[in-house]
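# Reading the structure
Each chain is listed here by its residues.
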Amino acid sequence: MGAVMLAGNNGSQANGSGIPLSARKAQALDLSTVERRGQGSASREIPKPTRPFGLLEAPTYRPTEEEFKDPMEYVRKIAPEGSKYGIVKIIPPDSWNPEFAVDTERFHFRTRRQELNSIEGGTRANLNYLDQLSKFHKQHGNNLNRFPSVDKRPLDLYKLKKAVETRGGFDKVCKQKKWAEIGRDLGYSGKIMSSLSTSLKNSYQKWLHPYEEYLRIVKPGVHQLLEYENGGPFTPSPAPSPMKKSHQHTPSSLGGDSPAIRASTVLNATLQNEAVPPLEPPRPAATSGFTAVNAGGFTAVNAQPAQPAPASTPSSFSTINATNGIHREVDSRNSTPLRTGESPMISAKNTPDLRPSAPGVTPLSNGQALNHLKRQLSQDTESGANGDSDGAGRRSKRLKKDAAPTVAGSHMTQPRLPTPRLYPPRDRTNEKPGDRCETCGRADEPSTILLCDSCEAGYHRHCLEPPLKTTPDYDWHCPKCLVGTGEFGFEEGGVYSLKQFQEKANNFKENHFGPKMPFDPILNMKKPVSEEDVEREFWRLVESITETVEVEYGADVHSTTHGSGFPTIERHPRDPFATHPWNLNILPYNPESLFRHIKSDISGMTVPWLYVGMVFSTFCWHAEDHYTYSANYQHFGATKTWYGIPREDAAKFEEAMREAVPELFETQPDLLFQLVTLLTPDQLKKAGVRVYALDQRAGQFVITFPQAYHAGFNHGFNFNEAVNFAPHDWEPFGEVGVRRLRDFRRQPCFSHDELLLAAASRKDTSIKTAKWLAPALERMREREFQARKDFVAKHRETRDHVCKIEGISDAEVQCEIDFAVEEDDVQEEDHNICSYCKAYSYLSRFVCKRSSKVVCLLHAGSVECCEVSEENRFLGTNGDHSLVFRITNEVLKVTVQKIADKAGTPEAWATKLDNLLEDEPKPQLKSLRSLLIEGERIDWELPGLLELKKFVERCTELAEEAVNYTTRKQQNRRKNERAWRRGNAARAAEIDEREREFRKVENITKLLKDADALSFDSPEITALRERANNIAEFQKNAQAALRDCTQQTTQKLDELLEEGKGFNVDIPELDKLDRMVQQMKWYEQAREYRNKAQTLQEVIDFIQQGLDLSISEADPHILHFQEQKVQGELWEAKAKELMSVENVHYQQLDALSRQASTLPVSPETLAAVDAILKKQRDAQEQILSLYERSKNPDFRQRPKYKEVREAMDALNELNSKPSGTIDLEKEQKRHEDWMRRGKKLFGKANAPLHILHNHMKTVEEKNRACFDLADQPRMPVEPSSREHTPDDSQDVDGSGSSRDVFCICRKPEAGMMIECELCHEWYHGKCLKIARGKVKEDDKYTCPICDYRVKIPRDATRPKLEDLQAWQDELLTLPFQPEEEDTLEAIISHGLNFRDWVGKYINPLMSSPDELTTQRFYLRKLEGADILLSNEINFFRQELHKWAPVAPQPPPILEVSLSTRKPRPTKQQKLMSQLGITNPEDLPQHLRTKQHSFKQRKSTDSSKGPQPLQPAPEPSHTPPGLPRSMSIGVGGEQSSAAPSGFFDPLPITSSSYTNSPIFSTAPPFNQAAQGMSPGAFNLSSHLSNSTTNPPLDPAMFSGPGFSRAENEGGGSPMANPFASSSSQPGGAMDSMFADLTNPEEMGTSHADEALAVTAAAEGGEDSGEFLNV
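Residues numbered from 1 in each chain as written. Predicted model: local features only at pLDDT ≥ 70, side-chain atom pairs only at ≥ 80, totals over all residues. Heavy atoms only, no water.

### Looking at the environment of C452
In this fold, C452 is placed in the loop between strand 10 (449–451) and strand 11 (458–460). Sequence spacing of C452 and K480 is 28 residues, and the spatial spacing of their C-alpha atoms is 9.9 Å. With near-sequence residues (within four places) excluded, C452 lies in contact with A457, W476, H477, C478 and C481. (Helix = DSSP H or I, 4+ residues; strand = E, 2+ residues; numbered from the N terminus. Contact = heavy atoms within 4.5 Å.)

What follows is the structure, encoded as structure tokens:
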């Protein structure tokens, strides 16, 4: 069947190869179209009865939820069984269902192309051989374009060659006539012809024998040339290279006797049809090199060995070093399985055909082959095939210097590395193929350069041996191409998204199996493809030499670049699976995984790689890097079949591979590291290798065990993720794996020694860790010490000297080598890697300063790192070489010993236990307990610990019980008893029972016997034994004392009693002794009490104590104390009787107090009596003192009013008033009358007295701002929150003024501000009580300064400065010093200072329009103050009206400034409003106000009616001193007040006011219910005095019921601009302070009645005026 290729584009063209993978976006994958956990094939877990090749199934495990919590523990649990199979499958519990976290739109990856029949080792060897055979014959003029035919069947020349080779070669087969046997082996046994032997012989002679002879002659030289290109022979490390210096320079240095030159001579001789020159007899190979059998060159693996094979590595793999060819270093990922020449291929008709030649390839020069394959491989800028470089700075398992080879399923994928060269290879980056001659290295005579048709390497015709005169007219191939290098790798495929690759995979599977599947008549369709069908078809294609099928595999995709399939903490912090221990991003760093000791991430090992497969895509036989465990999880998709080989059969497997394809191992001894070769399980089973299989489906894990080889393939489109992890049991395998890598000169992924030291350096090293770490460190220490010792020995052998390496000081050093100890980590990883064997030189390294090469101690000195001789390299002559230790031998020894001691902790503990039990017959409990505590702290299962714990617990129980007998106290026992009886009676009874047991002497004896039986000792047992002896001694002494008590003193008996009680056990003699001692003590105390005063309770208790001690009631002492008790009780009753009456009789109380000294009384009652007497005396003294001080002529010596008030308040606690109280109360009233006059001045007549000082403080603070002399006149400015309208450069009148104060309050900007349209001053909305909701942006406003008709809302009356001075003058007449004195002084002082300052502006003759701004400024300050400077205010108002009139009439003369607050409704009014009643008579009787008749003031003449008022008082609802029936009208008329607004209607100065919400005509407040009508007064007396100015408008003084519209008929009435928008009484703008200071002003409350009665009784002020102030 012809070759089957993947159809369609390769993905990279379709997706734009120039776009980085991370920037691409495609259609998302529909996850419902793929198999997921619990769906599709994932649910079928029935074991297959049969498998191809008869393979057995690897085990499948189903952990429980609890087992699944700890991956390391579960793997450890299944390892004994699972490691026997190499691989196992784990099906998680049902709760395991992580979301697929990859962004399927942005996820793109590059694939690798796999030709299935090239992957199989035997098939690839066959195709390689036929490719080289075709080239050989074509070069000789014979085209092998068809295979020879035998019995009408194509003859497999490779199989024929192998059959002849296994039987000893052509000559031996001919002599022994084995051609017929060979024919049967080749499948011709069914139809044996007489000419079969002849046909096979002739075919061999014609096609194979010339080439085999050519190989026999040429192959040694070619292999030696490859060794040169490799930098050394393929020898087992660490043996030094046997190549001499002469063979390590350029190709031109190769002498004529070199194998390469002889091979070239033979080849050219055959081309010229000349006789082949005789070869030299085979020379023996160097002892340290490759074993030469067939020639003096490279060893043919399949040749009969002439000497025993070298010793095997730990894995039994022959120590044939991998070639570290530079050609693999540069671009080995682009190597191809496709033939580059015209190799005969079998077509569908079983006839050979020639595949087209590949495009030109880059020349091989010094082994640096840049093979440009049939498909030009893209050098993607995305860091290798799948983004191999990690943006997060993680290390990859691939080398940094080398691009990752495209090897499917690879986990250890770096190419073989070159050994160091003396000179670097020639730079060929700017050279074209054939520019220079590979022999002489020159580029002259380009016309004579002959190019190899395979590798395009160039050679001068005259440089060839023998020289060619002309260019051949046939294909010419260099010897290396004819012999072959055995290189193989996978080509890069396309770039796909998951959706694209799914479509390609599904189409390929359908196209491949569609024609092959039979029709199912039951289903009426073609039979579905089963897993068995796919598995059989896979192995058929792998073994087929006639059918080539190519698939693609997205392998080794970095999860750090493309995103893990598991949720991660960075991207999904709240997903519980982001931190699940089975998450492959978490698993490598499990606390039990040794990878947590690696300092950096390793992509593919500690960071997962992703795998996207299609049907037949495969991962070839390999073991994990460093022989680690691996975990592979399938996120979704079709089945993945795995094959595993247990580690016990690893050596058999490797041997079977070498025997099956020896040709591949000849030049690729490290073939098994390259993951490019399969061998069928059938062949392996025949070689004795156990192979097991399993099928992995979506949502399942596959675990591979250390050193277990595994391979597998995919059944269709799927997505897997894999990572490595390393439990503790891995470490020995890791060490073997590192040694194996060194033997094949392949670089490890990390330093094994560094991991061990990192684990040893942790402070939390546990015994579990130390158990595996200690042996590993000891092996590392011995290995390192031996390497150092060997190097120093070679160093000392060269020349006898004192060596600095051995620690001698510099003054005595004679050797020249540089030696240093560097503990810091080497930043550059290359400086830690041996340039020869590629092993990490972590603990020590040998550095060549000439070439900057680093060599490990195994190869130090012996490897030619520079042109210096080996002797000088070992000596370090001229300091050209240095030896660097990371840590000294001593430090390393201490580090290892520390871990070894930790590991030996369990054994050391067991030794301590044995010694303790053997050395002492009765070991101390303290020692046993200490040993137990030490053992329990040891995190290890200790033999004998459980028995010791039980023994110590039993001994401790006895010791604690002994403590109960030796340390229990009688007092504590009684306290515990009382506490438990209160809390729990049952528990108390239990404690009582336990206490009784402890008090039995016989229990002490039993406990001591039990302690002796256990054979241990402790201080508690010793103390108990002493206690038992002391108890016996006490019983003896107590019996003697009871027999003759008269001879004993109380003290001695008491001491004996205390001794007995101290035992705290029940002793019969103890109770008798106790009673006798108590009686003796009572009699002593009774005699003492007769001469000592006692309290009543003490006497009662003492009498009862005596009775309790069985003392007779007729005892004289008892009778005496009974009489004392009666007298004390009588005194107690009398005292309580006197204290309980309302008016205490202090004389009787004092007599009782004196009598208490001779009687037993209660201390509490006596203290109460004394307290009453003391308070009475103290109060009287204080009252007299205060009264006397109030008469002191020196005012400053008089008491403070606060002191008097506190003293009077304290008298309320006494039931009577001391003498002098009445006089002091009169003085207090006189002082408070002065305070009441002050309240009237401030309009707070009805407020409590304490409000006066608080209000005065508020006034003083406000006046301080308004009368601030530093606040000078200035032009208008805008608040800082607004854009300044006046230019800063303009001159401002009064430049010293503060620019940040505004309004009448002269405070900074705060809250809502409103600007006057005339003076442009800004006012606080709060000061003018303007609600924010009533203001609009385009409203205009005229301030009270510009228009006197705009009223300023005031919460209290402003007293005149003159009145305050008069009030202050009364201070010296007061009996006490008032608290208000300082505040009053400050208020008057501010007012006087301001009056003096502003006096210079109060001059009518000097007034002019230029002072308009100044006059407004000072009027604004005067209006803002809370005291009234009437003259100044009237002057400025008149002047402002003169120069800038706004109102049609001049302002009235202001004499008083009253509050504008609306009074709050009385309680009666509130009740009427709630009940909906308008007439007070309708109220229920119990709610009506009590009526009183008050005596009128004598000075009031009721017949005269209301007196005329002074001009122009501001309207107020609380005019002090006015009868409520009077109203203020025009012309002195007396009228009844009608309901009106809160303020007088004012004329509007601008038409815009009519639309302003601020000045809207809100409904007026109703005052009718208040019963108040301010009286009218006459302005004629004042108006007649106005001659120069227009007469004042009487309407400005009209009462609330007066309307300008009714009287004048002109002008628009202006509503109250400060009215609250609230419809409730006392609107929202009312001040809370004013609410507190005006309680129930207009009603007649019970408090008012009480005050009126008091005033009437004292004959003071008129009650009516009192209620109206």
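### Thoughts on the nonpolar core
By size, the foremost hydrophobic cluster in this structure holds 148 residues, and its most contacted members are L160, F616 and W621. Tallying contributions element by element places helix 7 (residues 196–230) first for this core, with 12 residues. W1322, L1422, I1427 and I1433 belong to the second-largest nonpolar core, a separate cluster that totals 65 residues. (Core = buried A, V, L, I, M, F, W, Y, C linked by side-chain atoms within 4.5 Å. Buried < 20%, exposed > 50% of the residue type's maximum accessible area, 1.4 Å probe, protein only.)

### Looking at the side chain of T123
Position of T123 relative to the elements: it lies in helix 3 (residues 121–139). A distance of 3.5 Å separates a polar side-chain atom of T123 from the backbone oxygen of V542. Once residues within four sequence positions are removed from consideration, T123 is found in contact with N117, V542, E543, S544 and I545. (Polar contact = N/O pair within 3.5 Å; in protein donor to acceptor, adjacent residues only side chain to side chain.)

### A short note on helix 36 (residues 1201–1211)
Taken together, the buried positions of helix 36 are Y1201, V1204, A1207, M1208 and L1211. The buried residues of helix 36 occupy one face: seen down the axis, they fall within an arc of 125°. Where helix 36 is buried, its residues contact helix 35 (1163–1190) and helix 37 (1221–1241). (Arc of directions from axis to C-beta.)

### Points about the packing of aromatic side chains
Following the criterion strictly, the structure yields 61 aromatic pairs and no others. Geometrically, the ring pair formed by Y496 and F501 is edge-to-face, given 5.4 Å between the ring centres and 65° between the ring planes. In this structure, Y496 and F501 share a single accessibility class: buried. One aromatic cluster is present, built from ring pairs that chain together F53, F508, F513, F538, W539, F616, Y643 and F713. In this arrangement the basic side chain of R153 is found over the ring face of Y188, its NZ or CZ atom lying 4.6 Å from the centre. Over the face of the ring belonging to W940 we find K771, whose NZ or CZ atom lies 5.2 Å from the ring centre. (Phe/Tyr/Trp six-rings, centres within 6.5 Å; stacked < 30°, edge-to-face > 60°. Lys NZ or Arg CZ within 6 Å of the ring centre and 35° of its normal.)

### Observations concerning the pairing of strand 17 (residues 609–613)
With five of five residues buried, strand 17 lies mostly within the body of the structure. Neither face of strand 17 is left uncovered, since the one carrying W609, Y611 and G613 and the one carrying L610 and V612 both have all their residues buried. Of the strand pairs in this sheet, strand 15 (residues 550–558) and strand 17 are connected by three bridges, and their pairing is antiparallel. Within strand 17, the residue paired with V557 across the bridge is L610. In this sheet, strand 24 (residues 718–725) lies alongside strand 17 in antiparallel orientation, the contact comprising five bridges. Each residue of the ladder has a partner; that of L610, found in strand 24, is E721. (Pairing = 2+ DSSP bridges.)

Everything listed is a geometric property; what it means functionally is a separate question.
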